[in-house]
Amino acid sequence: MPKPLRFAHAVLQSYDMPRLFAWYKDAFELEVLAQNERAAICTYDEEHHRFAFTQMPGEAPAERQKSPLKHLAYAYGSLDDLVAQYRKMKGLGSLPVECVNHGPTLSFYYEDPDGNGVEFFVDRFATMDESKAYLASASFQKNLFGYYVDPELVAAQVDQGVPAAQIMAYDQQAADDFMKARAS
Ligand SMILES: [Fe+2]
């Protein structure tokens, strides 16, 4: 079976393209390849484009439903980088709506100005084989979510020089408590 070589880009359409574009431009420090008043095409790396934004015609409906896009997810190479991104976003006035230790990843979730989700995460495991094995484990199978973490606490621990593996260590008790609280 043919498989795609890579995931290349996302295109987001908006009733307020300039506002949406500005959020992503800052969040990803985008390089703009082409732009007019109806569209913008941008990248953050060697790929020719990673994002495009297009303007929807007309006015936004009076009662816009929540975006059907749950989230786009972006992996960072280290916990230090994830925390640096968190601090940069905080400086831009964007705080995560949820921060979760899922087990395979530590994930910070944001909402863009149109309500689309954006996940910034770091893998807890060094290899994809380890991550896949974890997804198949009993620990993960009984709680596919994980538990919430405090990003300020994570950032403070990074500053204190606590090893990333220790900061991201999966707290099984917290995971079990989360499941109990959700069931009750
Ligand atoms: Fe995700």
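Residues numbered from 1 in each chain as written. Predicted model: local features only at pLDDT ≥ 70, side-chain atom pairs only at ≥ 80, totals over all residues.

Attention shifts here to the overall build of the protein. Looking only at helices and strands, the protein features seven helices and nine strands. When its C-alpha atoms are laid out on the principal axes, the protein stretches across 50 × 45 × 40 Å. Burial analysis of the protein (184 residues in total) assigns 21% to the buried set. Of the contacts made within the protein by residues no fewer than 6 positions apart, 61% connect residues no fewer than 24 positions apart. (Helix = DSSP H or I, 4+ residues; strand = E, 2+ residues; numbered from the N terminus. Buried ≥ 20, exposed ≤ 12 C-beta atoms within 10 Å, placed from the backbone. Contact = placed C-beta atoms within 7 Å.)

This part is about the nonpolar core. Leu 79, Leu 82, Val 83, Tyr 86 and Phe 108 are the most contacted members of the largest nonpolar core, which has 15 residues in total. Sorting the residues of this core by element identifies helix H2 (79-91), strand S7 (105-111), strand S8 (117-123) and helix H5 (151-159) as the ones contributing at least two each. If one sorts the elements of this core by residue count, H2 sits on top with five residues. Dropping the residues within four chain positions of it, Tyr 86 is found in contact with Phe 108, Pro 151 and Ala 155. Ranked by size, the runner-up nonpolar core spans eight residues in total, among them Phe 21, Tyr 24, Ala 40 and Cys 42. (Core = buried A, V, L, I, M, F, W, Y, C linked by C-beta atoms within 7 Å.)

Let's shift gears to unusual backbone geometry. A negative phi angle characterises most non-glycine residues, just as the trans form characterises most peptide bonds. Despite not being glycine, Glu 29 has its phi angle at roughly 50 degrees, a positive value. Structurally, Glu 29 can be placed in the loop between helix H1 (17-28) and strand S2 (31-35). Accessibility expressed as a C-beta count within 10 Å gives 10 for Glu 29, which makes it exposed.

All right, on to the sheet that holds strand S6 (residues 98-101) then. Backbone hydrogen bonds are what pair the strands of a sheet, in a parallel or an antiparallel way. Strand order across the open sheet formed by five strands is S5-S8-S7-S6-S9, with mixed pairing between neighbours. Strands with a single pairing partner mark the edges of an open sheet, and in this sheet they are strand S5 (72-76) and strand S9 (147-148). Here S6 runs beside S7; their pairing, made up of four bridges, is antiparallel. Each residue of the ladder has a partner; that of Cys 99, found in S7, is Phe 108. (Pairing = 2+ DSSP bridges.)

All right, on to the pairing of S8 then. Residue alternation in S8 divides its side chains into a buried set, Val 118, Phe 120 and Val 122, and an unburied set, Gly 117, Glu 119, Phe 121 and Asp 123. Pairing analysis gives seven bridges linking S7 to S8, with the strands arranged antiparallel. In the strand pairing of S8, Tyr 110 is matched with Val 118. In sequence, S7 turns back onto S8 through a hairpin of five residues, with Gly 115 there showing a positive phi of about 90 degrees.

This part is about the domain arrangement of the protein. Each assigned domain of the protein is listed with its residue range as follows: domain 1 (1-58) and domain 2 (69-184). Look at where the C-alpha atoms of domain 1 and domain 2 centre, and you get two points 25 Å apart. Sorting the residues of the side of domain 1 that touches domain 2 by element identifies strand S1 (10-14) and H1 as the ones contributing at least two each. Ranked by residues supplied to the side of domain 1 that touches domain 2, first place goes to H1 with six residues. Split by residue class, the side of domain 1 that touches domain 2 holds six nonpolar, one polar and two charged. (Domains from an automatic or database assignment. Nonpolar A, V, L, I, M, F, W, Y, C, P; charged D, E, K, R; others polar.)

Here four strands make up an open sheet; going across it, the order is S1-S4-S3-S2 and the pairing mixed. Edge positions in the open sheet fall to S1 and S2, since each of these has one partner strand only. With strand direction ignored, the average angle separating the axes of adjacent strands in the sheet is 20 degrees. Note that S2 and strand S3 (residues 39-43) share four bridges and pair antiparallel. The residue of S3 that forms the bridge with Val 32 is Cys 42. (Axes fitted to C-alpha atoms, helices over the stretch in contact; angles between N-to-C directions.)

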